[in-house]
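Geometric and topological summary
Next come the chains, spelled out residue by residue.
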Amino acid sequence: VTGSTAPANGIYLSAANTLNFATNSASRLAISSTGSVDFGSRYTELNTASTAAASTTIDCSVGNVFTVTMSANITSLTFTNIPASGRAYSLTLILQQDSSGGRSVTWPSSVKWAGGTAPTLSGANKIDIVNMVTTTGGSTWYAVVSGLNF
């Protein structure tokens, strides 16, 4: 372990108590004191569960896979803590309909759909999967349906 700045090649402990692995004087892998791992591009595979409400917020800092139990229509969907413009961030939404089914999402205008139209979600007790990516800090999200009616 070397000092608190990135060596040309090696391992160092930053001032924020994060263990860093560097090549060519740049951190390539960082492990924080809380156990978060950063591969330099915000890549994680954490699944975060939540229950839909009329106003639902997806906190992008806690992972990339979000399972949302659709117990209400989402009329206001917000994404927070999105990596800055210039960094790619992708997420997967697993939308699990409750026993009533037919719940819907009003997607933000920043979400652009392949084919130009948002999907109609499935019915009772079904799962729909949506993948989204942004490189603009969330100004534009490109979305595709990975599957409906599971």
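Procedures and definitions
- Residues numbered from 1 in each chain as written.
- Predicted model: local features only at pLDDT ≥ 70, side-chain atom pairs only at ≥ 80, totals over all residues.
- Heavy atoms only, no water.
- Pairing = 2+ DSSP bridges.
- Helix = DSSP H or I, 4+ residues; strand = E, 2+ residues; numbered from the N terminus.
- Axes fitted to C-alpha atoms, helices over the stretch in contact; angles between N-to-C directions.
- Salt bridge = Lys/Arg side-chain N within 4 Å of Asp/Glu carboxyl O.
- Buried < 20%, exposed > 50% of the residue type's maximum accessible area, 1.4 Å probe, protein only.
- 1 Å grid on protein atoms, 1.4 Å probe; cavity = no way out; pocket = protein on both sides within 12 Å on 5 of 7 lines; lining within 4 Å.
- Points joined across faces, edges and corners; volume = space filled by probe spheres on them.
- Nonpolar A, V, L, I, M, F, W, Y, C, P; charged D, E, K, R; others polar.

1. Focus on the sheet that holds strand E2 (residues 19–23)
With antiparallel pairing, 4 strands are arranged side by side in an open sheet as E1-E2-E3-E4. Looking along the sheet, the strands with just one partner apiece sit at the ends: strand E1 (9–13) and strand E4 (37–38). Inspection of the sheet shows E2 paired to strand E3 (residues 26–31) by 5 bridges, in the antiparallel sense. By the bridge assignment, Ala 22 is partnered in E3 with Ser 27.

2. Things to note about the sheet that holds strand E10 (residues 111–113)
Read across the open sheet, the 6 strands follow the order E5-E7-E9-E11-E12-E10; overall the sheet is mixed. A strand with exactly one partner marks an edge of an open sheet, and here the two such strands are strand E5 (47–51) and E10. Going from strand to strand, the sheet's axes swing by 30° on average, the running direction of each strand aside. Looking at chain direction, strand E7 (residues 65–70) and strand E9 (residues 89–97) are connected through 6 bridges and run parallel. In the sheet register, Thr 69 faces E9, and the bridge partner there is Gln 96.

3. Here we look at the pattern of salt bridges
With the rule as written, the count across this model stands at 1 salt bridge. Between Asp 98 and Arg 103 there is a salt bridge whose closest N-O contact spans 2.9 Å. With relative accessibility at 16%, the residue Asp 98 sits in the buried group.

4. Section: unusual backbone geometry
Look at Asn 81: it is not a glycine, yet its phi comes out positive at around 55°. Within the fold, Asn 81 resides in the loop between strand E8 (76–80) and E9. The partly exposed category is assigned to Asn 81, whose relative accessible area is 45%. Phi at Asn 125 is positive, roughly 60°, even though this residue is not glycine. Tracing the backbone through its elements, the reader meets Asn 125 in the loop between E10 and strand E11 (127–134).

5. Concerning empty space enclosed by the protein
Scanning the model with the defined rule gives 1 cavity of 30 Å³ or more in all. As a volume, the largest cavity reaches approximately 30 Å³. Along the walls of the largest cavity sit Thr 56, Ile 58, Val 68, Ile 74, Leu 77, Leu 93, Leu 95, Val 105 and Trp 107, which together make up its complete lining. Of the residues assigned to the lining of the largest cavity, the class counts are 8 nonpolar, 1 polar and no charged.

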